[in-house]
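Descriptive structure summary
Each chain, letter by letter, is given below.
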Amino acid sequence: MRTFHILTRRFRSLLHRATQDDELRREIDLHVEQLLRENRAAGMTEPAARRAAQLQFGATEARLEQCRDERRVQWIEDIGRDAGYAVRLMRKSPGFTLTALLSLALGLGANTVVFSVYNALLLKPLPVPAADRVVFVNNSGMVSNSYPNYREMRDRNAAFSSLFGYRMAPLALEQSGRGAAADRVWGYLVTGNYFEGLGLKPVVGRFFTPADDGQPGASPYAVITYESWRNRFGGDPRIAGREVRINGMAYTVVGVTPRGFHGTELFYWPEVFVPMSMQPQIEGHSWLDNPNDFDLWIGGRLKPGITPAQANANLATIAAQLIRERTVNDGMRLTVAPIGLGGSTLHQPTAAFGGGVLLLAMLVLLAACANLAALLIARGVDRERDLALRVSLGAGRGRLVRQLLTEAITLALLGAAAGGVLALLLLRLLNHWRAPVDFPIRFDVSPDLRVFAASLAAALATGVLFGLGPALRARKATPALRLKGERHRGPGRLAARDFLLPVQLALCSLLVTTSLVAGRGLAASLQSPLGMQPDGAAMVGYDFGLSGYTHEHAMQLQRRVLERVTRLPGIAAVAYASSVPLSIDQSHTSVWRDGTTAFRNKTSLAANYYDVSPGYFAALGTRLLAGRDFDDRDSAQAPAVAVVNETLARRLAGNANAVGRRFRLGKGQTVEIVGVVENGKYNSITENPTGALFRPMAQQYNPTMVLLARGGRNETDTAIALRGVVNQLDPHLAIYGVGTLRDMLGFVYLPMRAAVITLGAFGILALMLSFTGIFGLSAYAVSQRAKEIGIRIALGAGRREVLRSVFARIGLLVAIGAAVGLALGAAGAGLLASVVYGAGNGQPVIIAGAVVAVGAVALAAAYGPARRVV
């Protein structure tokens, strides 16, 4: 506080003191020179004359320094007394103090939390050397590309010093050898130059090298993360060379990543890294040589001096070559994007929403500052007589200004401290939160020094700016008038402080509107048709590929599981599938109309696809609209068949009946449509109608299984029973995702719920701040007219007439704020509608209701002060 006070309020005074010191030094030098000339004239030598002159005048520098020290000590003592007096005043006014501190704490705390999240999402670089040179490579707005395309890009590019690939993958990890139960963990498949391209050095052992990208299956090595090394392996310093089993196969641990590094995606925290050459062994099938499988994410490090624009130009040249060489690449567009959030796919919407929330947080802080200004103004009015008395008793006006500024800055610093504590508590809760999904999502959003420095700067600026008004008013006050209880005011004129009321109302209207719109959007999303019935369904997931099952062995066990589950009490339907809609595991494919000969992207139809067993639609709660479900006729030897949803059926057959129609899957396979089901949501609840097709598991084996069952006493008990059945048949099978279908959807709704909670908190906070701030401003406005109101009442004015006169001015300010708030609310709701599903419905009613509610709060806050003087 001392340094800040010196720089902002005492700078001019210090310059003045420095000038005084220079003048004093010059005057002393003149006296010494006069004595020196007299001593030389008396016959003294130069050294003796100078020494005698100094002794005659005294120790000049010591005396000057003593003067400086006395001033410095006096200044420090004054500051200490001012701060102590400020604390005593705050203790004597607990209502004012608590309201002001709460306003600042909430405003600054909200900004600290929001900026910390924004910093972790979009500003904080990866913990790698020269992180600003590491980028992601988009493919036509998508995150993935094929491995053959990656090899060509790696070998042909001239913009990257290293281009690497990676892919997330679940693994079954055994630490103690064959026969022990495996833990299902998540890891990365990475190319051999992954760590080299990131510029990382291992804590223990070594990392993969390009030599590990040789023959598939020839590099059974593993690198573990620092956290996994400490937590799972006890920080064993001899971990390099130790053998573990992954998916039933022996792997040698060769190294440990640096502390804090968990890959190139921000909130994905894996435990194990495996060479990309082991992909067939990890996933049970190989796509490394298939140009039609787009399963690889690509990142790279730019060469020194290469800009993103130059890299995009180089990638455009490579894309043009790949389009000519492979028709599957038709329409390819390669561009660089920030790494860490799935390229542009997640980075752009995250940046848009994060920027909006950050703006709202700043508006909350602005409302808090306006609230503090209103409180200081109202408090300054109450202290005018006291300040006038101090001036009359000899207190300097500059001294009063310093006192009032010290009070405001002390209050701001206490508010910043409270806001910092509140932010730390909220961030600690966020860091310990775990998403309700079988996926290693973690948040590391602890604020760094920049965040706290920004909050402290905001607090100090708040104290200085809004403490300056009452301080300058006290400096310009006429003591005689203040002691008589008179005030200078211009009737009918709007002072600068009067604009605080409409500003608060406008900001409050905007925040309340966005919170109500977001709440309505969440309610709409909860009621939106999903194409399935989540209530009443239970599920459990497992992966035969992680446990080394063959196709035949897996199907035998699956039949036994279905037989056991069917016999459970109350089970109405049971089936299994490769995945379910809206889960993390989604697969996409391209289909072509029957008769297509040019298999290009521009002629294809995109669709989600699922491999399912008979009874899947009944177990999921999806309505069959036409045709039939799968049954025993759809064996591996039978012609290929599929069930499609309404959207894909219309795209393939128009308005005609799609049952019996055929389409092409890939360049060779012809598939017949045997059924049509209702549309649903597959990737997100905000998506537009999307095509989907379902294939019989008997014709398209997938080692990933989700067992679904509908019925039983309740979904939770059914999920536990499903897990028990699987454990009885194979205790070593890695199980995941045990729970209800409604629980699984909790992760899908998580972004919207977080948005609604955040915006709702902002709305409630805005109402609190507006009420206290408007109360303070109204108290000030009424107190300004107390003498006038008393005279009018003495002359016979009625209570209603006086109240109408008092509310006329406040009503005008409320009307101005409501009009501005209406416009801001409409704009904010329009922007929010693009983020929150269903938020665009009924906006005029919501906006008008929010503005009316805020206006009612404003008038209610103004009524109390007005009622007291009538």
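Just so it is clear, the structure is predicted and the values come from calculations on it, not from any experiment.

**Overview of helix 20 (residues 715–729)**
Taking 1.5 Å of rise per residue, 15 residues should cover 21 Å, and helix 20 covers 22 Å from first to last C-alpha, within 8% of that figure. Where helix 20 begins, one side-chain oxygen reaches toward the backbone nitrogen of Thr716, 3.1 Å away; that side chain belongs to Asn714.

**Observations regarding a nonpolar patch on the surface**
Side chains of Leu812, Ile816, Val820 and Leu824 sit close together on the surface and give an oily, nonpolar patch of about 300 Å² of accessible area. Note on placement: Leu812 falls in helix 23 (residues 799–833). Judged by its relative accessible area of 45%, Leu812 is partly exposed.

**Quick notes on the pattern of salt bridges**
One pass over the structure, following the stated rule, counts 16 salt bridges. Asp634 is the salt-bridge partner of Arg628, the closest N and O atoms lying 3.0 Å from each other. Owing to a relative accessible area of 5%, Asp634 belongs among the buried residues under this scheme. A salt bridge links Arg633 to Asp631, with the shortest nitrogen-to-oxygen separation between them at 2.6 Å. The network of salt bridges with common partners includes Arg628, Asp631, Arg633 and Asp634.

**Quick notes on the environment of Val644**
Locating Val644 in the fold gives a position in strand 17 (residues 641–645). Along the chain, Val644 and Ala658 lie 14 residues apart, while their C-alpha atoms are 8.9 Å from each other. Aside from chain neighbours lying at most four places away, what touches Val644 is Ala649, Phe663, Ile673, Gly675, Val676, Val677, Ala692 and Leu693.

**Considerations on the pairing of strand 20 (residues 692–696)**
In terms of burial, strand 20 is a largely internal element, five of the five residues being buried. Pairing of strand 15 (residues 605–612) with strand 20 involves five bridges; the strand directions are parallel. The residue bridging Asp611 from the neighbouring strand is Arg695, located in strand 20. Of the pairings in the sheet, the one linking strand 17 to strand 20 comprises two bridges and is antiparallel in character. Bridging across to strand 20, Val643 finds its partner in Phe694.

**Observations regarding the packing of aromatic side chains**
Centre-to-centre distance and the angle between the planes together describe a pair of aromatic rings. Going through the model one piece at a time under the given rule, you end up with 27 aromatic pairs. Taken together, a centroid distance of 6.5 Å and an interplanar angle of 85 degrees make the contact between Trp186 and Tyr268 edge-to-face. Here Tyr268 lies in the loop between strand 8 (249–256) and strand 9 (272–275) and Trp186 lies in strand 4 (residues 183–190), a separation of 82 residues in the sequence. The cationic tip of Arg230 hangs over the ring face of Trp229; the distance from NZ or CZ to the ring centre is 5.8 Å. The lysine or arginine in question, Arg442, covers the ring of Trp269, its NZ or CZ lying 3.9 Å from the ring centre.

**With respect to the nonpolar core**
Counting 57 residues, the largest nonpolar core has Tyr194, Phe195, Phe273 and Phe762 as the members making the most contacts within it. Per element, the largest residue contribution to this core is eight residues, and it comes from helix 11 (residues 344–382). Counting 44 residues, the second-largest nonpolar core is a separate cluster that includes Ala159, Tyr226, Ile282 and Leu302.

**Points about the confidence of the model for the protein**
Chain-level pLDDT for the protein is 78 on average; 77% of the residues reach the 70-or-more range. Within the protein, the element-level pLDDT minimum falls on helix 1 (residues 2–8), averaging 44, and the maximum on strand 9, averaging 96. Taken together, the stretch residues 1–19 has pLDDT below 50 and engages in 27 contacts with residues farther than four places along the chain or on a different chain. Here residues 488–494 is a poorly scored stretch, pLDDT under 50, and it has twelve contacts once near neighbours within four places are set aside; other chains count.

**Comments concerning the packing of helix 17 (residues 551–566) against helix 20**
Packing of helix 17 against helix 20 brings their axes to within 10 Å, and their N-to-C directions diverge by 135 degrees. The orientation of helix 17 with respect to helix 20, classified from their angle, is oblique. In this structure, helix 17 crosses over helix 20, and the sense of that crossing is right-handed. Facing Leu557, Arg560, Val561, Arg564 and Val565 of helix 17, the residues of helix 20 in contact are Leu722, Val725, Val726, Gln728 and Leu729. Taken together, the residues of the contact of helix 17 with helix 20 sort by class into seven nonpolar, one polar and two charged.

**Some words on the side chain of Asn138**
When you line up the elements, Asn138 lands in strand 1 (residues 134–139). The exposure class of Asn138 is buried, given its relative accessible area of 1%.

**Here we look at the pairing of strand 21 (residues 704–711)**
Each regular strand shows side chains that alternate between the opposite faces of the sheet. The element strand 21 is largely enclosed, with a buried count of seven among its eight residues. With seven bridges connecting them, strand 12 (residues 537–543) and strand 21 associate as antiparallel partners. Each bridged residue has a counterpart across the sheet, and for Tyr542 the counterpart in strand 21 is Met705. As paired strands, strand 13 (residues 571–577) and strand 21 are joined by six bridges and run antiparallel to one another. Looking at strand 21, one finds that Ala577 is bridged to Val706.

Thresholds, definitions, all that
All residue numbers here refer to positions counted from 1 along the written sequence of the relevant chain. Thresholds applied to this predicted model are a pLDDT of at least 70 for local features of residues and 80 or more for the giving and counting of side-chain atom pairs; totals over whole chains, interfaces and linings are not thresholded and use all residues. As a rule here, side-chain values cover all heavy atoms of the structure and leave hydrogens and water aside. In this text, helices come from DSSP runs of H or I with a minimum length of four residues, and strands from runs of E with a minimum of two, each type numbered from the N-terminal end. Residue count minus one, scaled by 1.5 Å, sets the expected span of a helix. Polar contact is defined as a pair of N or O atoms within 3.5 Å, subject to the rule that within protein one atom must be able to donate a hydrogen and the other to accept it, and that residues adjacent in sequence are counted only when both atoms are side-chain atoms. Nonpolar side chains (Val, Leu, Ile, Met, Phe, Trp, Tyr) are joined into patches within 5 Å and like charges within 9 Å, using only residues with over 30% relative accessible area and no salt bridge. In short, Shrake-Rupley with a 1.4 Å probe defines the accessible areas, and a residue's cover is counted only from the protein chains shown. Salt bridges are defined as contacts in which a side-chain nitrogen from Lys or Arg sits within 4 Å of a carboxyl oxygen from Asp or Glu. Exposed residues in this analysis have more than 50% of their type's maximum accessible area, buried residues have under 20%, and partly exposed residues fall in between, with area computed by a 1.4 Å probe over protein chains only. We call two residues in contact when some of their heavy atoms are within 4.5 Å. In this analysis, strands are considered paired if DSSP registers two or more bridges between them. Any Phe, Tyr or Trp ring, taking Trp's six-membered ring, that has another such ring centre within 6.5 Å forms a pair; planes under 30 degrees apart are called stacked, those over 60 apart edge-to-face, and the others tilted. Note on criteria: charge over ring means Lys NZ or Arg CZ within 6 Å of the ring centre, with the direction from the centre no more than 35 degrees off the ring normal. In plain words, nonpolar cores are sets of buried Ala, Val, Leu, Ile, Met, Phe, Trp, Tyr and Cys residues tied together by side-chain atoms within 4.5 Å. pLDDT expresses how confident the predictor is about each individual residue, on a scale running from 0 to 100. Think of each axis as a best-fit line through the C-alpha atoms, taken over the contacting stretch in the case of a helix, with angles from 0 to 180 degrees between the N-to-C directions. With respect to orientation, any angle under 35 degrees is reported as roughly parallel, any angle over 145 as roughly antiparallel, any angle of 65 to 115 as roughly perpendicular, and every other angle as oblique. Here is the rule for handedness: rotate from the far helix to the near one, and if that takes an anticlockwise turn smaller than a right angle the crossing is left-handed, while a clockwise turn gives right-handed. Any residue outside Ala, Val, Leu, Ile, Met, Phe, Trp, Tyr, Cys, Pro, Asp, Glu, Lys and Arg is labelled polar, Gly included; the first ten of those are nonpolar and the last four are charged.

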